[in-house]
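Breakdown of the fold
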Amino acid sequence: LGEQEGGGHQSNPYSQRFFREHDDDILCMAIDPKGRYVATGQTQSSKSRKMKPNVKIWDAESCRPICTLGKFHKRSVTSVAFSADGKWCGTVGGDNNHSVALWGSRNGQWNDGKLITTCRGDPGNTFFLSFAGDTNGTFNFVTGGVRHMRFWNVTGHTMKSKKCILGQNVPPTKAKTIFLTAIGLGRGYFVAGMHSGHIYLFEGNKLKAFADAHKSGTGGKTGCQTLHLKTDPTRKQDAESVQFVSGGSDGQIILWDFKFPKKGSEPRLEEIRNSRFNISSITPRPKNHCIKSVCWDGSLKNILIGTQGSEAYSIGTADGNKINKDKVKLLFSGHYQDEVWGLAPHPVRPSVVATCGDDMTLRVWRTDQADHQCLAVGELLGMSRAVSWKPDGQWLIVGLGGRVGRKKITSGRKKKRKNKNNNKKSKKGRQEEEEQNYDGHFMIFEVKQELYESSFSNYEMLTPYLDKPQSLYGDRSNNWICDVKFSPNGEFVAFCAHDGRVYLYSTTNMTSK
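Just so you know, these numbers come straight off a predicted model, no measurement behind them.

1. Description of the overall build of the chain
- From N to C terminus, the chain includes two helices and 41 strands.
- Relative to its full complement of 513 residues, the chain shows a buried share of 49%.
- Residue pairs in contact within the chain that sit at least 24 positions apart in sequence constitute 48% of those at least 6 positions apart.
- Split by element, the accessible area of the chain, about 27,100 Å² in all, is 47% carbon and sulfur.

2. Quick notes on the pattern of salt bridges
- Within the structure shown, the criterion is met by 11 salt bridges.
- One salt bridge connects R276 with E271, and the closest N-O pair in it is separated by 2.9 Å.
- D358 serves as the salt-bridge partner of R385, at 2.6 Å between the closest nitrogen and oxygen. With R385 in strand β32 (residues 384-389) and D358 in the loop between β29 (352-357) and β30 (361-368), this residue pair connects regions lying 27 residues apart in the sequence.
- Since its relative accessible area comes to 3%, D358 is described here as buried.
- Salt bridges sharing partners connect three or more residues here, namely D257, K259, R268 and E270.

3. Notes on the sheet that holds strand β4 (residues 37-42)
- The four strands are arranged β3-β4-β5-β6 in an open sheet whose pairing can be described as antiparallel. A single partner strand is all that each edge strand has here, and the edge strands are β3 (26-31) and β6 (65-69). Recorded for the sheet is a direction-independent mean angle of 20° between the axes of neighbouring strands.
- Taken together, the four bridges between strand β5 (residues 55-59) and β6 define a ladder with antiparallel strand orientation. Residue W58 lies in a different strand from β6, and its bridge partner there is P65.

4. A look at the sheet that holds strand β12 (residues 141-145)
- In spatial order, the strands read β11-β12-β13-β14; together these four strands make up an open sheet with antiparallel pairing. Bordering the open sheet on either side are β11 (126-131) and β14 (158-163), each of which pairs with just one other strand. The sheet shows a mean angle of 25° between the axes of neighbouring strands, direction not considered.
- Relative to β12, β11 runs antiparallel, the two sharing five bridges. In the strand pairing of β12, L129 is matched with T143.

Definitions and limits used
Residues numbered from 1 in each chain as written. Predicted model: local features only at pLDDT ≥ 70, side-chain atom pairs only at ≥ 80, totals over all residues. Heavy atoms only, no water. Helix = DSSP H or I, 4+ residues; strand = E, 2+ residues; numbered from the N terminus. Buried < 20%, exposed > 50% of the residue type's maximum accessible area, 1.4 Å probe, protein only. Contact = heavy atoms within 4.5 Å. Areas by Shrake-Rupley, 256 points an atom, 1.4 Å probe, with all protein chains shown as cover. Salt bridge = Lys/Arg side-chain N within 4 Å of Asp/Glu carboxyl O. Pairing = 2+ DSSP bridges. Axes fitted to C-alpha atoms, helices over the stretch in contact; angles between N-to-C directions.

Here it is, written out as structure tokens:
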């Protein structure tokens, strides 16, 4: 997803189409079980305050808009999901009560989509809404978030919820009780991914078992981030077991097998043997290995993985429920943090561009309609605002410098601890820390012509032409480089900086003029 666009892929992973009906940031997405329709929810439009946040339902193949579900939520739509039969769509709003809305379509084609019922949610932050795997259980769907998980039952045009009952089965952990995600397994069973890294198994709204799945770290993005039930068209309704996959902030995916218990026996979660796979072992290595989305397609014998580093991977499965480590492929990658600032078209190849930004990466792209992919990535030592090609296309120069403008809120205790640590540092240590600020520096990358001959492969890593970034100012205060341009013959390069000056360099030996 882009900020205001939804993307669709054909069988060729490098050919893209876009849904352009949203006018502000897209916060959530869901695909109906048969893969025909996509639902995307957005935040309050900044262009028209009279327009309330809405959900757009559109065709997954053609990106054609089908209907708009709106005029209820306030501020934003934070979660959206389809029911197992594709005739219901549930949404959660960003208001103080995190209101829940249920929308319906009689024929499941959503050209007649309308609001069925609404209800207040939980005052705690709500992260997800997920439907049951079938209609055999007591509850139709669940919502959850910070210190709560609610189980919802729909009767006619009304719906009511019950809180989860954890009882004595809660595992010992210091982490807060935060539910990050959940899916329905069928026959009244749900599994939930926790901030602590555990996976909870519920029968109805009662906790029955748990499994220690993913490592829990420090910070907000930790634990079991995503779950997905294996799609298998050949599975019968009375099947004895179902499989699902989990992904966590530790970069691991785990395959699970759940056998529906017989009368008198207790349910339990079983990890499929030798099914753990860490994406940190993939080459090229992910920029951020935290897994935010997984999808297990049993018919295609394939698992899709989306990371916080804006990478999408395809991993094959063998013998039904085993990961084939030889079939790992990077589908695409992109900038993944804050904003993109620099953009430079190739001087010779019209379909090639270079970009840079706040995620401290330089990227070279092929932009053909049938082949849109990232060809190469260069690691930068700071944020960047400008990039330029040498006229012959053999060099890329990037000007460093930038800030995101956010202030970090630090508690008094953390400030005291930081000051104490700073006092312990030696003068040499402080000098080394200051030298790590590369604002006002520039980096040169050499681009080989063989790069453009690659097709449908992993991106290449760009090699810096010089050993280290070059300073524009010497020992003076470092100001951001906001623009860089080559002369038409490539003999000179000019840098524009925030000190109001233009610096001219010779490309023969990169000396200042």
